[in-house]
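# Observations on the three-dimensional arrangement
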Amino acid sequence: MAAINPVYLDNYGIINYHTHVFNHFLEESETMAEKSFNPFEMAQAQFDRVAEILDLDQGTKELLRYNLREYHVSIPVRMDDGTVKVFRGFRVQHNDARGPAKGGIRFHPMETIDTVRALAMWMTWKCSVVDIPLGGGKGGIICDPHNLSMREQEAICRGWIRHLAKDMGPLKDVPAPDVMTSAQHMLWMLDEFEAIHGQRLPGFITGKPVGMGGSLGRTEATGYGVIFTVREALKQLEIPASETRASVQGFGNVAQYAIELYNQIWGKVVCVSSWDQKDQTSYSFYKEDGVDLATLRSITDRFGGIDKVRAKEHGYEVLPGEAWLEQDVEILIPSALEHQITWKNVDKISKSVKIIAEGANGPTTPDADKVIHKRGIFMIPDLLANAGGVTCSYFEQVQSNMNYFWEKDEVLGKLDTKMTSAFNAVSDLAKKKKLYMRDAAYVIAVGRVAQACKDRGWV
Ligand code: NAD
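Residues numbered from 1 in each chain as written. Predicted model: local features only at pLDDT ≥ 70, side-chain atom pairs only at ≥ 80, totals over all residues. Heavy atoms only, no water.

## Description of the side chain of Ser-400
Formally: Helix numbering and strand numbering both begin at the N terminus, where a helix is a DSSP run of H or I of at least 4 residues and a strand a DSSP run of E of at least 2. The classification of residues rests on relative accessible area computed with a 1.4 Å probe and restricted to protein chains. Under 20% of the type maximum is buried, over 50% is exposed, and intermediate values are partly exposed. By definition, residues are in contact when any of their heavy atoms lie within 4.5 Å.
Residue placement: Ser-400 occurs in helix α15 (residues 388-402). Classification of Ser-400 by relative accessible area gives buried; the value is 2%. Setting aside residues no more than four positions away along its own chain, Ser-400 makes contact with Pro-202, Gly-203, Lys-208, Gly-213 and Phe-405.

Here is the structure:
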């Protein structure tokens, strides 16, 4: 078996889940954070803290700290060499009181049921904070697509669906692409699902290719969503966007579209960073008068890695990986991976920084978060800042169910409305109750789900 790219592991591996859970909610020390390796226990501890703030009754607490349903499946696949290999897969539905469960399906060689359980719970909170009528779910299959042919991957997708076709569906549980799964995987899964049910049911899955039921605007959705929230934060702070500069970690899907929209509202990005696969390190790319998105895109590979030699030729100063964090800017947008702003580097954040918008999941560790809170920097937490992706997936589901597709402007307009009202709800609560933005986001999210369970008479 080929070695797994360590960046990939970093980006999407187990660490991701742990850091994410720890994000601000727990008061534990770094040592504790590093020792504890069960993401689901951590997600539960995070929930317990919010449950306490909300003073939830015992029944609701008991219900929400566990997943409603989970499925474990074994998928036998005839490999290209003629042997049969059995792949283990999971689907977890954390809560569907507010609507069908929603959440991605991941391929990962180190997938575990506890990571999937934790991710399903977080999906419930993310859908709730942006107030879309969906619950939370997540799936995973233990496999490494680097070592699988397309035919083998197709067999895994179809096998997973054959097991779960009765327990998922447009009105029950709607999957989407996630780590190492793509629009192609979604189409194979949809095709199998429709074959089993004997009808076309495009609302079963999101992240489909445009033209095959996918939504226009999905590619831009997460990055644009980040900037919709930044724009609102700037309004609150009464700072014109044109007088701000930003530094962005990463140059992948989220980062590129965040930069695109930020430029459109007249903000200037002076620094971006990316991972260099050849050198196995990251670099930052600085340009005093603002980076040029088109130029950078033209020298970036499909994994979001910027070619440093060509960047130098285009007049970029090539700096160490962490330099993005130290720039004299008003806005930081970590959009690469988890565990990037830690107790080790948080003090390097410039005094000029007014806003941090978490494009990535879990970029800030809890102890760094405490420092940021104390410094009075306006934090737009991942839960809210990067919820544009799932919001647009919801729009795709709606369009698919109607079999009527909207123009891109309409999709992005609706996305703006949703993100803006979610931002306002969170910041209003934060002001009213003197809560940190991250806490306010979680209080709203968990509160809505608890209420839905109560209204249904579950608890
Ligand atoms: P991507 O793979 O398209 O891009 C990742 C970028 O980060 C690349 O430019 C890569 O070079 C860079 N990178 C990796 N390691 C780095 C390092 N150590 N230092 C600096 N740069 C590094 O990923 P993406 O889809 O843009 O996702 C980025 C983050 O946003 C992840 O945390 C992901 O979970 C989160 N997120 C993404 C979406 C979405 O719709 N794509 C939605 C919600 C959250």
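Moving on from the coordinates now.
## A look at the packing of helix α4 (residues 39-54) against helix α17 (residues 437-455)
Filter applied, for reference: The convention used is that axes are lines fitted to C-alpha atoms, helices contributing only their stretch in contact, and that angles between N-to-C directions extend from 0 to 180 degrees. Small angles under 35 degrees read as roughly parallel and large ones over 145 as roughly antiparallel, with 65 to 115 read as roughly perpendicular and the rest as oblique. Each residue gets one label: Ala, Val, Leu, Ile, Met, Phe, Trp, Tyr, Cys and Pro are nonpolar, Asp, Glu, Lys and Arg are charged, and the others, such as Gly, are polar.
Between α4 and α17, the shortest axis-to-axis distance is 10 Å and the interhelical angle comes to 80 degrees. The pairing of α4 with α17 is recorded here as roughly perpendicular in orientation. Taken together, the residues of α17 that come into contact with α4 (itself represented by Gln-46, Phe-47, Arg-49, Val-50, Ile-53 and Leu-54) are Asp-439, Tyr-442, Val-443, Val-446 and Gly-447. In terms of residue class, the contact of α4 with α17 is built from seven nonpolar, two polar and two charged.

## A word on the sheet that holds strand β8 (residues 281-286)
Stated formally: Two strands form a pair only when DSSP identifies at least two bridges running between them.
Read from one edge to the other, the open sheet built from seven strands follows the order β9-β8-β7-β6-β10-β11-β12, with strand pairing classed as mixed. In this open sheet, the two edge strands, each paired with only one partner strand, are β9 (317-320) and β12 (378-380). Each adjacent strand pair in this sheet contributes to an overall mean axis angle of 20 degrees, direction not counted. The pairing of strand β7 (residues 268-276) with β8 spans six bridges and is antiparallel. Across the sheet, Val-272 pairs through a bridge with Phe-285, a residue of β8.

Function-wise, these values are silent; they only describe arrangement.
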